[in-house]
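# Tertiary structure, described
Chain by chain, the residues run as shown.
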Amino acid sequence: MHAKKLTIWVNKMASLCQPDRVVWCDGSDAENERFLNELTATGKAIALHPEKRPRCHAFFSDPSDVARVEDRTFIASKKESDAGPTNNWQPPRKMKKTMLKLFKGSMKGRTMYVIPFMMGPFDSPLSKIGIQLTDSLYVVVNMRIMTRMGQQALDRLPAKKTFIPCLHSIGHPLAPGEPDPLWPAAPIERKYISHFPEKRLIWSYGSGYGGNALLGKKCLALRIASKMAKDEGWMAEHMLILKITNPEGRHKFFAAAFPSACGKTNLAMLVSKLPGWKVETIGDDIAWISLDQEGRMRAINPEKGFFGVAKGTSYASNPSAMRAVEKDTIFTNVAITDDMDVWWEGIDGKPPAHLMDWKRADWTPDKETPAAHPNSRFTTAITNCPVIAPEWDDPEGVPISAILVGGRRPSTIPLVHESVDWTHGVFMGSMMGSEVTAATISTMLGIVRRDPFAMLPFIGYHVGDYLAHWLEMAEKTEASKLPRIYYVNWFRKDEHNRFLWPGFGDNIRVLKWIFERLDGTAEAKETPIGYLPTRNAIDRSGVNIKNADLDALLTVDPAEWQDELKSINHFYESIGEKLPDALTDVLKHIQAQFEDVAGNQGEGS
Ligand code: TSX
Ligand code: MN
């Protein structure tokens, strides 16, 4: 029955896209080897040094196809108000009409690969099946690392009863005899990354890169899943999941949401600076969270690999990621050394005297352009990671004790603060974001780009409804069973623009405070914005952090917060009337608390 539905859809899409042939992927090692051989034979992939990087390959994208294209990403819901102010909306019929024209004959001269894949552990009630059709072999070999791909996923179709159809074409059909470019793609104005949330359908055209093309990740596991989660009463979130174990051997699981460039992958694989404390990884990007029989939140990582930013990754910043990419890894848009190894800006050691850069051109250190693209990536299996938690594949998921949110905030936001309750925690998530860095327009410097729960580009519906859903989740269980929510900020600076907190492995000191708060043993002081650690509650053993720096990290400055609350209010107004009143109430409450404190101080009490 379901197999029949699948066959009908595949045939229909094949007659639309008109590939020369259709190949069903079984996900086996032999098949993968064949595909990689074909990719190297055609020059699309470069095999790296067999001893230095066993079974590793490098790919180089077209310079016009290097990142997710948010301007070309669409939510085609029936009503515009269901897409909200943060999404590009298109009427589904118009979207289909536009894209049918593009897909018509788009795979001429090419092969259509049928990729069955499972998001989440096999035989987990929380997992979903997707079927991606694509004319990109690069996509196939990446999907095999990032998802549970192949026959085993197809075998679960009768049990799951349904699948999420994902149609993908790079948008570059070949006329007979026409040479195939190394990285074919369509020009920007013909790229469309489209989601039909009511139909649970994904259509992607014109790009072969990352989240535009590996449809299991951002398109399915976040945008479509977020809508399914809202309808079905669970949550699809842009979060890492980590396991933390204390010196007694007791463990807890934390989930954490951060915008880009905050070091999510680094935190997921943190190497602890405190003896006896250990962090292990469940996932670095996406968490599907639902309530179990006992009313506790449990999370699975729907993915099976890491699609991580290469730039800045080193044995110094993230030794576990570096060890994960030592074998069986795909690199995209990195630089290649003369001995066929990889290189990127921020990797350990000095730049070599000569490289091939990501545009396949000669590179020497005097060249002004970077050797690796800033958005260069590694694709590697989670099982390659030396600090993988044994529970990573548990079909039940792991119980979440704490949810962390954060961003890059040079001022105002303390190192860590704890919410007073779930609603206040949702407020924290709703106002999170990063300060715009010098890399973007200088006139925007100092401005905070709000990114609720790091989900702004990934919510498949209205952001106001999304925040309401967070609040509704609490109504399904008892308050005591919910994870506590913490706002962390590794990026606070002093007046000389110096980072006050050492970050990286020293972040375990903050995780330890959270762990002990959950146990009820760590000290905190109440402030208008929530609970903060007392100075002595942060373990500084084995590190030199000055009292003055820690005090600065734990300062809640009323003047800064006046501006902050105004700025949050401004952001709330941009969400419109779907913003839950409960969140503006938290804002007003915090405002009132500051006024109380100021009033008491004025009276000299
Ligand atoms: O990933 C980061 N984390 C989380 C680590 C678990 N980064 C890198 C961000 C870019 C992806 C950080 N950068 C962190 C951090 O905690 N903190 C900082 C800021 C920082 C940078 C350099 C230093 C200190 C802080 N260096 C010295 O103090 C010598
Ligand atoms: Mn991400």
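Residues numbered from 1 in each chain as written. Chains lettered and ligands numbered in written order. Predicted model: local features only at pLDDT ≥ 70, side-chain atom pairs only at ≥ 80, totals over all residues. Heavy atoms only, no water.

### Quick word on the sheet that holds strand 22 (residues 355-356)
Reading across from one edge, 21-20-22-23 is the order of the 4 strands in this open sheet, with antiparallel pairing throughout. Looking along the sheet, the strands with just one partner apiece sit at the ends: strand 21 (342-343) and strand 23 (362-363). In the sheet, strand 20 (residues 335-337) pairs with strand 22 via 2 bridges, with the strands oriented antiparallel. Within strand 22, the position partnered with threonine 337 by the bridge is leucine 355. (Pairing = 2+ DSSP bridges. Helix = DSSP H or I, 4+ residues; strand = E, 2+ residues; numbered from the N terminus.)

### Some remarks on the site of ligand 1
Taken together, 15 residues form the shell around ligand 1, and within it Gly263, Asn266, Gly503, Phe504 and Asn507 come nearest. One of the side-chain N or O atoms of asparagine 266 is found 2.8 Å from an oxygen atom in ligand 1. At a separation of 2.9 Å, an oxygen atom of ligand 1 approaches a polar side-chain atom of asparagine 507. Alone, ligand 1 offers 640 Å² of accessible surface; in the complex the protein occludes 65% of this. (Near = heavy atom within 4 Å. Polar contact = N/O pair within 3.5 Å; in protein donor to acceptor, adjacent residues only side chain to side chain. Areas by Shrake-Rupley, 256 points an atom, 1.4 Å probe, with all protein chains shown as cover.)

### Considering the pairing of strand 14 (residues 251-257)
With respect to burial, strand 14 is a largely interior element, 6 of its 7 residues being buried. Pairing of strand 13 (residues 240-245) with strand 14, which is carried by 6 bridges, proceeds in the antiparallel orientation. Across the sheet, residue isoleucine 241 finds its bridge partner in strand 14, namely alanine 255. Hairpin connection from strand 13 to strand 14: 5 residues lie between these consecutive antiparallel strands, with glycine 249 at a positive phi of about 90°. (Buried < 20%, exposed > 50% of the residue type's maximum accessible area, 1.4 Å probe, protein only.)

### So, the side chain of glutamate 435
Looking at the secondary structure, you find glutamate 435 in strand 27 (residues 433-435). For the buried glutamate 435, which has no salt bridge, the nearest side chain bearing the opposite charge is arginine 409, at an N-O separation of 4.7 Å. Once residues within four sequence positions are removed from consideration, glutamate 435 is found in contact with Arg408, Arg409, Pro410, Gly446, Ile447 and Val448. (Lys, Arg positive; Asp, Glu negative; His and termini not counted. Salt bridge = Lys/Arg side-chain N within 4 Å of Asp/Glu carboxyl O. Contact = heavy atoms within 4.5 Å.)

### Considering the nonpolar core
The tendency in soluble globular proteins is for nonpolar side chains to be buried side by side. Formed by 164 residues in total, the largest nonpolar core has its most connected members in Trp288, Trp470, Leu511 and Ile514. In this view, isoleucine 514 contacts Phe254, Ala402, Leu404, Val416, Tyr486 and Val488; residues no more than four positions away in its chain are not counted. Counting residues in hydrophobic clusters, the runner-up holds 30 residues, among them Leu133, Tyr192, Leu201 and Tyr205. (Core = buried A, V, L, I, M, F, W, Y, C linked by side-chain atoms within 4.5 Å.)

### Section: the coordination of the manganese ion (ligand 2)
Donor atoms from the polypeptide that bind the manganese ion (ligand 2) are Lys218 (NZ), His238 (NE2) and Asp285 (OD), placed at 2.2 Å. Each donor residue of the manganese ion (ligand 2) lies on the same chain, and together they follow the pattern K-x19-H-x46-D. One end of the pair, lysine 218, is in helix 8 (residues 216-232); the other, aspartate 285, is in the loop between strand 15 (278-283) and strand 16 (287-291), and 67 residues separate them in sequence. Exposure remark for lysine 218: the relative accessible area of 8% places this residue in the buried category. (Donors = N, O, S within 2.8 Å, 3.2 Å for Na, K, Ca; no water.)

### Here's the deal with helix 15 (residues 558-575)
In a regular helix each residue adds 1.5 Å, so 18 residues correspond to 26 Å; helix 15 covers 26 Å between its end C-alpha atoms and thus fits that length. Of the positions making up helix 15, those classed as buried are Trp561, Glu564, Leu565, Ile568, Phe571, Tyr572 and Ile575. One face of helix 15 carries all of its buried residues, which in axial projection span an arc of 125°. Across from the buried face of helix 15, at angles greater than 90 degrees, the exposed residues are Ala559, Asp563, Lys566, His570 and Glu573. In this structure aspartate 557 caps helix 15, since a side-chain oxygen of it lies 3.0 Å from the backbone nitrogen of alanine 559. Glycine 576 lies just past helix 15 and shows a positive phi near 90°. (Expected span 1.5 Å × (residues − 1). Arc of directions from axis to C-beta.)

### Side note on the packing of aromatic side chains
Summed over the entire model, instances satisfying the criterion amount to 22 aromatic pairs. Ring centres of tryptophan 422 and tryptophan 470 lie 5.5 Å apart, and the angle between their planes is 25°; on these two criteria the pair is classed as stacked. Of this pair, tryptophan 422 sits in helix 11 (residues 422-431) while tryptophan 470 sits in helix 12 (residues 463-475); the two residues are 48 residues apart in sequence, bridging distant segments of the chain. For tryptophan 422, a relative accessible area of 8% corresponds to the buried category. Between phenylalanine 453 and tryptophan 470, the ring centres sit 3.9 Å apart and the planes meet at 5°, which makes this aromatic pair stacked. Of this pair, phenylalanine 453 sits in the loop between strand 28 (448-450) and helix 12 while tryptophan 470 sits in helix 12; the two residues are 17 residues apart in sequence, bridging distant segments of the chain. The same class applies to phenylalanine 453 as to tryptophan 470, namely buried. Cluster of aromatic residues (ring-pair linked, three or more members): Trp422, Phe453, Tyr461, Tyr466 and Trp470. (Phe/Tyr/Trp six-rings, centres within 6.5 Å; stacked < 30°, edge-to-face > 60°.)

### A few points about the domain arrangement of the protein
Domain assignment breaks the protein into domain 1 (4-48 + 73-232), domain 2 (237-304 + 390-594) and domain 3 (305-379). Computed from C-alpha coordinates alone, the two centres of domain 1 and domain 3 are separated by 28 Å. Contacts between domain 1 and domain 3 engage 15 residues on the former and 17 residues on the latter. Across the domain 1 to domain 3 interface the summed buried area is about 1300 Å²; carbon plus sulfur atoms make up 69%. It is Leu48, Ile145 and Tyr209 that lose the most area in domain 1 upon contact with domain 3, and together they represent 44% of the buried surface on that side. Inspection of the region where domain 1 meets domain 3 yields 0 salt bridges. Of all the secondary-structure elements, those providing two or more residues to the side of domain 1 that touches domain 3 are strand 2 (45-47) and helix 4 (137-146). At 5 residues, helix 4 tops the list of elements feeding residues into the side of domain 1 that touches domain 3. For the side of domain 1 that touches domain 3, the residue count by class is 10 nonpolar, 3 polar and 2 charged. (Domains from an automatic or database assignment. Buried area = accessible area lost by both parts, 1.4 Å probe. Nonpolar A, V, L, I, M, F, W, Y, C, P; charged D, E, K, R; others polar.)

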